[in-house]
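# Tertiary structure, described
Here is how the chains run, residue by residue.
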Amino acid sequence: MNLAVFLLLICQLLTSCNTDKTTLYLDKTYPEANERFVSEENMIYYIDPVNGNDANIGTKKEAPWKTFRRINQLRLNKGNKIEILSPGTFKESLFLIGQGSTDFPIIIEFFPGKYDFYPEEAFKAKFHISNTNDSPNSPKAIAFYFLNSENIKIKGNGAEFVFRGKTIETSLNNCNNITIENLSFDYKRPTVSEMKVLSVNKNYADIQIHKDSQYKIVDSTLIWIGEGWKHEAQSLWQVFNYKENKVKRINLPIETMRFLELEQNMVRINYNVNPGFIKGFTYQNRNTFRDYAAIFLQKSKNISFKNVNIYFMHGMGIVSQYCENITLDSLQVKPKENSGRTCSAWADILHFSGCKGNITINNSYLSAANDDAINVHGTHLRIVEKISNRKIKVRFMHPQTYGFDAFFTGDSIEFIGAKTLLSYSKNKIINTEKLNDKEIELTLGQDIPNNIKTDDVIENTSWTADVTIRNNKIVYIPTRGILITTRGRVIIEKNELFKTHMSGILIANDANTWFESGSVKDVTISKNKFIECGDPVINIHPENSEILSEHPIHKNIKIINNQFFLKENTILSAKSTGNLSFYNNKIYSESNLNMNELISLDVCSNIKIKDNQINNKVVNTIYKN
């Protein structure tokens, strides 16, 4: 803080003594850290979006501020507390910078009720977000932004945050020890539009558009209208089948349809041939352009979400990118009761990219998404140039994953064959230099191998997490329930996966499509209930084009004490896997099946399959490949 600002501060403090009014604030809504005033320790600040006034002193309950603008002028200190006294509307973001302590954390506490957050005057920033990077140069509105902060607790007390346009609901950047609990997130106008088919005829279908899905029809074209966005209906739809309680994706050629409004929210779709509408089913539609994450955590550690409800979130869901120790307990992702909606997540629900430490997902209900429920992976970067004996250039390859810091000084890396997916050399990073959004120059501690082949990749093995997924229910998912590729220890137990349209669990690893790394070394899948999941229910499928039988990609996978209620015939499909155990599982099917029909193995070794039951009959026959 410069001398002039300091003197101004002293004068204003002196003139504001013994009064409920003060004029102490900078003429900026979101000042930089070095422009902010340092808060006294153990101070309480009060905000009332209905009856407050930013000219008030803010440290008395009877003289609260109105907005977050005055808090954004401060660098908060240990023992500070922010009390929001009543529900209401916020047009500014809470942009918090502060350092609490373990014993005296910074507390942000909300009075119960509904809060509306508008994006137009919110703090905006550009981000490179894994698997979501269609618009990296477009500033994104953020409702709650915590930067370089630690030891903070957000207590929601049942508050409901409703977003009035596309928003990153919460972003933590370089933070430590943050707890968020007892609150709900929702959208007034979800970015996934919904309509229910009332009747189907030879040349038309009559539909009812959900009351939350605003629209207009121009020249027989359906245009979805949101808060700050609009788009024409697209050909990729997701169908909620109420008869079978499941969802799936479907392509309906929008160019063959002509829309006519019969009355408000009642529309007739004219066509020559029914493209696929079924009476009673609900059809979801969205713009598939990946522009946001709902909650974005990067370079942060020791983050906890507990008793959080998400009724709808736009974007890639909760994205944790190069974070450490993330815990989600009692997270409920589902449409709000009595809302009539069938969708709660625009894409994935939980997405972890390049994380380490412990990822823990317990006691949660993950449902009604437009993509995977859980995805944990790293990122392969392709080697494009050997600059010197200890220096290489690597490149992000997928168009939706690039631009973020993927390596740090001291990290361990491995050289991976693009075709074999096998490691053939190890090294350590001495220095990194970002050349542009796609390319990074790495300086290494040892000489680079001479046998690098075209398209080989680098995996950062320092950033791989141990993962525990326990006691969750996953339902209404159009793709996979759980995707997991991490070298750490993985425990998936006591979960219910209900009618995922594709595999309940996928263990992949690739260096040619999504470039999601890597191999697994220790996975236990136990005491789960798989109910009519897609085929195969568990899919171990690394995308290696060259298979070396003596060198499996994935190792040490145990599938034990589970229950499988089959829709189709394949429980397990595995490729390039070693030390695979499948035993003490109970299998239920209307068909008369044997183990050879239920399991498919391709170049796997050291397989143990025993003591399983099919329709309550023990099958001791060892599987024959």
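Structure: above.
Bear in mind that the values here come from a model prediction, so they are computed numbers and not experimental data. (Residues numbered from 1 in each chain as written. Predicted model: local features only at pLDDT ≥ 70, side-chain atom pairs only at ≥ 80, totals over all residues. Heavy atoms only, no water.)

### Remarks on the packing of aromatic side chains
By convention here, two paired aromatic rings are described through the distance between centres and the angle between planes. Threshold: The rule is short: rings of Phe, Tyr and Trp, with Trp giving its six-membered ring, pair when the centres are within 6.5 Å, and they are stacked under 30 degrees, edge-to-face over 60, tilted in between. Secondary structure elements are defined from DSSP: runs of H or I of at least 4 residues count as helices, runs of E of at least 2 residues count as strands, and each element is numbered from the N terminus. A 1.4 Å probe rolled over the protein chains alone gives each residue an accessible area, and that area as a share of the maximum for its type sets the label: buried under 20%, exposed over 50%, partly exposed in between. Cation placement over rings: the criterion is NZ of Lys or CZ of Arg within 6 Å of the ring centroid and within 35° of the ring normal.
Inspection of the entire model under this criterion finds 37 aromatic pairs. Plain terms: the ring middles of Phe-117 and Phe-161 are 5.3 Å apart, the flat faces sit at 75° to each other, and that makes the pair edge-to-face. With Phe-117 in strand E8 (residues 114-117) and Phe-161 in strand E11 (residues 150-163), this pair connects stretches of sequence that are 44 residues apart. One exposure class covers both Phe-117 and Phe-161, and it is buried. In textbook terms, an aromatic cluster arises when at least three aromatic residues are bridged by ring pairs, as seen for Phe-68, Phe-90, Phe-110, Tyr-115, Phe-117, Phe-144, Phe-161, Phe-163, Phe-185, Tyr-187 and Phe-312. Over the ring of Tyr-365 we find Lys-334, and its NZ or CZ is 5.2 Å from the ring centre.

### Let's talk about the sheet that holds strand E37 (residues 439-444)
Stated precisely, the cut-off is as follows: For two strands to pair, DSSP has to find at least two bridges joining them. Lines fitted to C-alpha atoms define the axes, with helix axes restricted to the stretch in contact, and inter-axis angles between N-to-C directions lie between 0 and 180 degrees.
With antiparallel pairing, six strands are arranged side by side around a closed barrel as E33-E34-E37-E36-E35-E38. The average angle at which neighbouring strand axes cross in this sheet is 45°, direction not considered. Where strand E35 (residues 412-416) meets strand E38 (residues 457-460), four bridges bridge the pair, whose relative direction is antiparallel. Following the sheet pairing, Phe-415 is matched in E38 by Ile-458.

### Structural notes on unusual backbone geometry
Following Ser-517, the chain continues to Gly-518 via a peptide bond in cis, the omega torsion being 10°. Note that Gly-518 resides in the loop between strand E45 (516-517) and strand E46 (522-526). Phi at Leu-421 is positive, roughly 60°, even though this residue is not glycine. Checked against the element boundaries, Leu-421 lands in the loop between E35 and strand E36 (423-434). By relative accessible area, which is 5% here, Leu-421 ends up buried. With phi around 55°, Val-603 is a residue other than glycine that occupies positive phi space.

### Focus: the sheet that holds strand E19 (residues 236-241)
With respect to topology, seven strands assemble into an open sheet ordered E20-E19-E23-E14-E15-E22-E21, the strand pairing being antiparallel. Each edge of the sheet is formed by a strand with only one pairing partner; in this case those strands are strand E20 (246-251) and strand E21 (258-263). Going across the sheet, the axis of each strand differs from the next one's by a mean of 30°, ignoring polarity. Examined bridge by bridge, E19 and strand E23 (residues 282-285) share four bridges and lie antiparallel to one another. By the bridge assignment, Trp-237 is partnered in E23 with Asn-285.

### Digging into the pairing of strand E51 (residues 572-575)
The side chains of a regular strand alternate, first on one face of the sheet and then on the other. Residues Leu-572 and Ala-574 of E51 are buried on one face, and the alternating residues Ser-573 and Lys-575, pointing to the opposite face, are buried as well. Looking at chain direction, strand E48 (residues 538-540) and E51 are connected through three bridges and run parallel. Bridging across to E51, Ile-538 finds its partner in Leu-572. Where E51 lies against strand E54 (residues 599-602), four bridges are found, and the strand directions are parallel. Each residue of the ladder has a partner; that of Ala-574, found in E54, is Leu-601.

### Some words on the environment of Ala-143
Its place among the elements puts Ala-143 in strand E10 (residues 140-147). In sequence terms Ala-143 and Lys-391 are 248 residues apart; their C-alpha atoms lie 41 Å from each other.

### Quick word on the environment of Leu-506
Put simply, the rule reads: A contact between two residues is defined here by any heavy atoms of the two lying within 4.5 Å.
The residue Leu-506 is located in strand E44 (residues 505-507) in this model. Residue Leu-506 is classed as buried on the basis of its relative accessible area of 11%. In sequence terms Leu-506 and Thr-59 are 447 residues apart; their C-alpha atoms lie 53 Å from each other. Leaving out residues up to four positions away in the same chain, Leu-506 has contacts with Arg-480, Ile-482, Leu-483, Ile-484, Asn-539 and His-541.

### Brief notes about the state of the cysteines
Stated formally: By disulfide we mean two sulfur atoms from cysteines, separated by a distance within 2.5 Å.
The full count for this structure, using the stated rule, is zero disulfides. Sulfur of Cys-323: no disulfide; nearest cysteine sulfur belongs to Cys-355 and is 5.0 Å away.

### A short note on the nonpolar core
The line we're drawing: Only buried residues count toward a nonpolar core. Its members are Ala, Val, Leu, Ile, Met, Phe, Trp, Tyr and Cys residues joined through side-chain atoms within 4.5 Å.
Phe-146 and Ile-374 are the most contacted members of the largest nonpolar core, which totals 121 residues. With residues near it in sequence (within four places) discarded, Phe-146 still touches Leu-94, Leu-96, Ile-108, Ile-152, Ile-154, Ser-171, Leu-172, Asn-173, Cys-175 and Ile-178. Within the second largest apolar cluster, 22 residues are counted, among which are Trp-224, Trp-229, Ile-254 and Tyr-283.

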